[in-house]
Amino acid sequence: MNIQLPSFLQKGDKVVIVSPSSKIDKEFLKRAKKRLESWGLKVSVGKYAGGSSGRYAGTIRQRLQDLQGAMDDPKVKAILCSRGGYGAVHLVDKIDFTAFREHPKWLLGFSDITALHNLFQKNGYASLHSLMARHLSVEPEEDPCVAYLKDILFGNLPIYTCEKHKLNRQGTAEGILRGGNMAVAYGLRGTPYDIPAEGTILFLEDVSERPHAIERMMYNLKLGGVLEKLSGLIIGQFTEYEEDCSLGKELYPALADLVKEYDYPVCFNFPVGHVTHNLPLINGAKVELTVGKKNVELKFIC
């Protein structure tokens, strides 16, 4: 399936902030709105974006109403998901793309929003794995990831370079960039919203998952025939976990062992995940990944 990139933004375009997953402090919504408005955009906040229903930002019906409304509005050019947490999976089989197909728009977010990225790609649309409201609220305008996000939204696609890692496997590959949070993607394995392996440069990150749980999920990708079909692999940031020695080695070397039999380029420690330096990535874009002796380069060729 060909993946369509929505139109890039221009000043004066409309953006909506919604909360499809966990609830969020309303102050972050206000500050994120202000930041996006400073870019010349017209920003509105979903009716239930600051709501609360248990751990969620509203009931399933309320969260769906906000997201579906933003997707259906022909004037909206981008939808910023305020935060991750948990809850996006409630909406995956309920969203209607009929009106969206007439006026495609960018979906922004990461972590739990991976479920929606998978949904959008299944329907043939690229989306933006990116920072969310809190980062836009607390980081300065000159923060590199804020700047990269603005650049991408307005059609200036960056070329990313990052430092080499001793476990990297050198090589160059072209493919469709797909991925996100490992546990969320794992939860959609075997469903129509699973990430297709063929021709994919897969990127993975996670937070608060114990190393043996990450390895177990990676074994699922291996035993399910996913890893052998990839064009490239990007291992991002795995953070906020305790080294429990259950693997007998650190996490990155354990993952390197799992992919050593394949011949595509593999990059470790790429800056994507639950960290401040979380590079925005276009899910569904065609990219060129070069893992070299001195550094790693990721270039969007769309």
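Look up: the structure comes first, before these words.
This write-up is about the structure you can find in this document.

About the thresholds
Residue indices begin from 1 for each chain and proceed along its sequence in written order. A pLDDT threshold of at least 70 governs which residues receive local features in this predicted model, and a stricter bar of 80 or more applies before side-chain atom pairs are shown or counted, although totals over entire chains, interfaces and linings include all residues. Hydrogen atoms and water are omitted, and side-chain values are computed over all heavy atoms in the structure. A pair of strands is labelled paired if DSSP reports no fewer than 2 bridges between them. Helix and strand definitions here come from DSSP, where helices need a minimum of 4 consecutive H or I residues and strands a minimum of 2 consecutive E residues; each element is numbered from the N-terminal end. To get an axis, a line is fitted to the C-alpha atoms, and for a helix only the part in contact is used. The angle between two axes follows their N-to-C directions and goes from 0 to 180 degrees. Only heavy atoms matter for contacts: two residues are in contact if any of them lie within 4.5 Å across the pair. Each helix should span, by expectation, one fewer than its residue count multiplied by 1.5 Å. Relative accessibility thresholds used throughout: buried, under 20% of the residue-type maximum; exposed, over 50%; partly exposed, between the two (1.4 Å probe, protein chains only).

1. Examining the sheet that holds strand β10 (residues 266-268)
- Read across the open sheet, the seven strands follow the order β6-β13-β12-β7-β8-β9-β10; overall the sheet is mixed. Bordering the open sheet on either side are β6 (159-163) and β10, each of which pairs with just one other strand. The mean inter-strand angle of the sheet, taken between neighbouring strand axes irrespective of direction, is 25°.
- Bridge analysis of strand β8 (residues 200-207) against strand β9 (residues 232-239) gives six bridges, and the strand direction is parallel. The partner of Val 207 across the bridge, within β9, is Thr 239.
- On top of the sheet, helix α7 (residues 211-223) reaches β8 and β9; it is set at about 160° to β8, its chief contact.

2. What about α7?
- Between its terminal C-alpha atoms α7 stretches 18 Å, which fits the 18 Å expected from 13 residues at 1.5 Å a residue.
- Buried within α7 we find Pro 211, Ala 213, Ile 214, Met 217, Met 218, Leu 221 and Lys 222.
- Where the residues of α7 are buried, they touch α6 (182-186), β8, β9 and α8 (251-259).

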